[in-house]
Amino acid sequence: MRWRVLVAAALVACGALTGLLAHALSRVGNNQGYAPEQPIAFSHKLHAGDARVPCLYCHFGATTSRHAGIPPVNVCMNCHGLLKKQTRDIERLKELVERAQPIAWVKVHNLPDFVYFNHSQHVISGVECQSCHGRVETMVRVTQQAPLTMGWCIQCHRSHQTVDAHTPAANLDCGKCHY
Amino acid sequence: MSSSLTFWSGRDEVDASRRDFLTRVGFAVAASALTGCSRGVVQKAIPYLNKPEEITPGVAAWYATTCAGCAAGCALLVKTRDGRPIKIEGNDESRLFGGTCATGQASVLSLYDAERLKGPLWKGEPATWAEVDAQIEQRLGAVIAGGHAIVLLTGTISSPSTRALIAEWTARVPRFRHVVYDAVSSSALMRATEACFGIRAVPHYRFDLAATIVGIEADFLGTWISPVEFTRQYARGRRPDPRTMSRHYQFEAGVSLTGSNADWRVAVPASLQGAVALALLHRIAATAGVAVDVPPDLEAGIDARALTAAADDLWRHRGASLVVSGSQDMATQVVVYAINALLDNVGVTVDVESPSLQKQGDDEAVAQLVDEMNRGDVHALMLYGVNPLYDYPDTARFARGLESVALTISFADRLDETAARVHAVCPDHHFLEAWNDAEPVASSFSLSQPTIAPMLDTRAAQDSLLKWLAKENDFYSYIRDYWRHNVFPLQSTFAPFDAFWDRALHDGVFDARTAREVSARRDRSKPAARFVELWKSAADTVAGQHERGSVARAAGRYEAHLFETVALRDGRHANNPWLQELPDPVTKITWGNCVALSPAVARDLHVSSGDVVRVMAGHDTFELPAYLQAGQAARTVSIALGYGRERAGKVGGRVGTNAFALVTADLGVRRYFREGIVLEKTGRHEALATTQEHHSMEGRPIVKTTSLADLAIEPPAPSEMPSLWAEREGGEHRWGLVIDLNSCTGCSACVTACQAENNVPVVGRDEVLRGREMHWLRIDAYTTDSEEHPETVVQPMMCQHCENAPCESVCPVLATVHSSDGLNQQIYNRCVGTRYCENNCPYKVRRFNWFEYAQNDRFDFNMNNPVGRMVLNPDVVVRSRGVMEKCSMCVQRVQAGKLLARQEDRAPADGDIKTACQQVCPAEAIVFGDLNDPRSRAATMRRSGRYYRVLDELGTKPNVGYLTKVRNRTTSEPG
């Protein structure tokens, strides 16, 4: 009977492996929870949370462009050129400015090349930053809160089909995002 | 499959053993199981250090400038993203221009040519500007001290500031002179204007004010002088209103773009241009009561009925007619002036008081220069915007002359044929990187500003000239000074100069011609008193030439006619892959030139299309593949110039055959036809890379044509076929296109615009031979069967965005679906490459990516190097191998237009959204609009009686429609 035990064990092993494979494959492209280390340890909790700096002060592109944009260093220096209190990271920031070296931030929210996402379309339709990015004002290090998969986008689009006179229905045509 | 096709073999064969396959599969499974633990490639986001205020990443910035693709100087608006230009449009602020030609569209790509020189060269070796300047200044000083001649040889320059700078050189440097050299010249026309009116210039023509147009060997819609402007003017006159529609006669040897649009085209050898002009003069003068003696056999070989009809029409519309000629015979041009003067056209359609500055080449001066160079009398020569060691008829003689010049300097942007043989190469900026100005028509100014900081270590040619003249300023301040003193006083709207300058820079153009000059009628220019005797003696000269020519014509040889193509022009853009792959509007041939023969000649020689023919003229021999051209004048062959470049670069080198040696010179004046040609079949065959081989509509109403007389008759209403499909639920908008076939000339600017806007790849000659060109938009040319009088109609064909699309129903993965606003969408990431959709499309507008066209050494064009990729439009995906693509009706522009309207809290207005093809069209033939909005232009055109859809009987219900082409002729007249 030993071979029956072996067959059963093999079947269980295959099942487990398939399950693992399926799980892994379903997570392809899903970077939920991604929280990379950044070249400068910028804390949104400090700036957007405690200091109450509005999102659009730094990410001004969000209303007019497809990219919300990581702010150029001159925006940082608007305040940090004047403030007295200096930390090690602010010193590093100033050093980079003096050496005229732009900062290479690690992009947290990435969409594949075949997706076209336009921030301004969503922002002027009244979608809050937190809807997709989570409560960034509580994050010390930016973490991707949402799966950013197509299914997740569609779920929101489907629930916004009837809106007011000023805001058009969220479009469900394939070619709106894939062109 | 022809065995003459060479298959590219650069890749190693993939290992095909079973063991390796299993190993790889095993690895792939294991790898994918691990993906849950690892991310894709880490992406970086690098913002500006100090962001310029006017740039928002992701939002385009537009700058007005002036095109330098040819000397016409069309006004442009350039779209820049992230500090680099990616798309060129016409500038609607201009009263002259609007839209661009194919060459202008493609010139954005020549900025990103990785083969541009990266810095100056001294004797072939890279040097710094300081070193080159030192060498040049020292040698120039020696030449000046020795009292020797210094010559600046340039192409046509309409820039008033540059001309002022050259005038300063002339004034301050002894024995300095400026010679203007056009590879394809209009010097005879300039001389004729000088003789008749005292002004040495090409006149400014107004085709929009002409009810009758006669062109004699002048491709004014394609390449002659100012084709964008002329196309816009011409199209305005082609609206099919019986009271205003123009009538166009064309007398020419080869079939040109202009000739294929004419109401009545007459095939006439180029050597008979003078005879045609004289015959018209004879008739018109007779009606005007003036006697002109002509030889009895003047009209032999020319259709007399056409001459009579043209003369009658011209006379009937005197004061609103126009005769133009591209002849390089001064006497012929004087005869043409006589015709226009007798018809009271001078001052209306022919403006000599505000002439054009778009052609200034002086053939006699160039010939004299070459003589002087060969005698050793020229000690310094600067070459700016010219390449005579390629396009001068006797390059060997020019080269010998060049050897005797002590100091030779070229401002070329690459090591071209001429720059390879000079001492110093001081590469000029590309026009998109430079400050400049232009004056295409006298008193109509435009500015050029940089749209990107110079990418390489180049320097503006004018800056070099300023430096060597020991002047302190740079050309930017020089232009400002010139405008402050010469242009600013011409207006009174702005008081401070800076306000005027800012406005001019914003608009790109400043037209100082008064409203009186620009609008229709004004005082006729009084021709010089000598004019009357002058044209009589010119008529005698032409008659005499004709009699002498009759003997040569009887000898039984052929005549070669030379012309510029719409894409490559005089060959300066040979390294531009978009232009090399642009199908010629008439022949649809890409990547090379041919010798166009009439079918009768082909039968005599026993050749068919593609057979290589030897063309012998004196000591010169050329071998080119033949192309059977219906409508080609008897015993004439046509060969395109601009090919056979030796040193254009990787793309353009050795493509086609250089025919410039066939250009003849008569006392220095260059003529673009050669008599006494012998043709011989070689027996070899070279397939022509053509995109359309079959030119018959097979009896189907693909392009509907009618005559002006028949237009009044109501066409039968198209019967609505019953459909198996349910009516599609529409959305708020329904986007559609309407294309007016009366306006479309077939110039193919839209094809290049679409390629630039949508990142359409270049595939190369081999793939075009397999029918795999990737153009989303093509211009189909259909010709009737007649050998003698073929009638050509053209039709831009792109995805018809059918409501009942045959492609949508057959895609197994639903990669092509219909949007709620009427567009047929192609979803690249879903497509698996079944190609069933391509098969099912009746219009054959779908293109398949057979290979990875980007970053692939096999397709070493602009997408294979990081510099060339800078031209890509970031709003449009670059497709990979295995997916289908097609016209998306510029969905990215639709989205952008809708977004802009939403940002301004309003509905998108008609005209907000323009497809790329629409925006560039000089003839304004394509109209995009919301078919659901009854007031939009597109919806209005749709209700016109001329509206029809192609292959309607298939029940596809396309959203793209066409307006029937209306020709201005009676049915009894041939084409």
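Residues numbered from 1 in each chain as written. Chains lettered and ligands numbered in written order. Predicted model: local features only at pLDDT ≥ 70, side-chain atom pairs only at ≥ 80, totals over all residues. Heavy atoms only, no water.

K.L.:
Just checking my understanding: could you explain the pattern of salt bridges for this structure?
P.N.:
Here the idea is simple: oppositely charged side chains can pair when their charged atoms come close. All names here are of chain B. Using the criterion set out here, one finds 69 salt bridges over all chains in the structure. With a closest N to O distance of 4.0 Å, Asp481 and Arg484 form a salt bridge. One end of the pair is Asp481 and the other is Arg484, both in helix 15 (residues 475–487) and three residues apart, which spans about a single turn. The exposure class assigned to Asp481 is partly exposed, which follows from its relative accessible area of 34%. For Glu767, the salt bridge is made with Arg770, and the minimal N-O distance between the two is 2.7 Å. Accessibility expressed as a relative area gives 2% for Glu767, which makes it buried. Under the relative-accessibility criterion, Arg770 is labelled buried at 18%. Salt bridges sharing common partners tie together Arg191, Glu194, Arg200, Asp362 and Glu364. (Salt bridge = Lys/Arg side-chain N within 4 Å of Asp/Glu carboxyl O. Helix = DSSP H or I, 4+ residues; strand = E, 2+ residues; numbered from the N terminus. Buried < 20%, exposed > 50% of the residue type's maximum accessible area, 1.4 Å probe, protein only.)

K.L.:
How should unusual backbone geometry be read in this particular structure?
P.N.:
Glycine aside, negative phi is the norm for most residues, and most peptide bonds take the trans geometry. Residues and elements named next belong to chain B. Backbone geometry at Ser443 places phi at a positive 75°, although glycine is not the residue there. A residue is classified by how much of its surface remains accessible, and Ser443, at 26% relative accessible area, is partly exposed. For Met889, which is not glycine, the phi torsion reads 55° and is therefore positive. Among the structural elements, Met889 can be located in the loop between strand 36 (884–885) and helix 24 (891–903).

K.L.:
Is there a simple way to think about the packing of aromatic side chains in this case?
P.N.:
Pairs of aromatic rings are described using the distance from one ring centre to the other and the angle between the two planes. Residue and element names in this part refer to chain B. Within this structure, the stated rule accounts for 35 aromatic pairs over all chains. Considering the side-chain rings of Phe220 and Tyr234, the 5.9 Å spacing of their centres and the 65° angle between planes classify their relative orientation as edge-to-face. Linking Phe220 in the loop between strand 10 (212–216) and helix 6 (227–236) with Tyr234 in helix 6, this pair joins segments that are 14 residues apart in sequence. In this structure Phe220 comes out as buried when scored by relative accessible area, which is 0%. A residue is classified by how much of its surface remains accessible, and Tyr234, at 2% relative accessible area, is buried. Taking 6.4 Å as the distance between ring centres and 50° as the angle between the ring planes, the aromatic pair formed by Phe497 and Phe500 counts as tilted. Highlighted residues: Phe497 and Phe500, both in helix 16 (residues 497–507), separated by three residues, approximately one helical turn. (Phe/Tyr/Trp six-rings, centres within 6.5 Å; stacked < 30°, edge-to-face > 60°.)

Remember that the coordinates give geometry; whether it matters functionally is a separate question.
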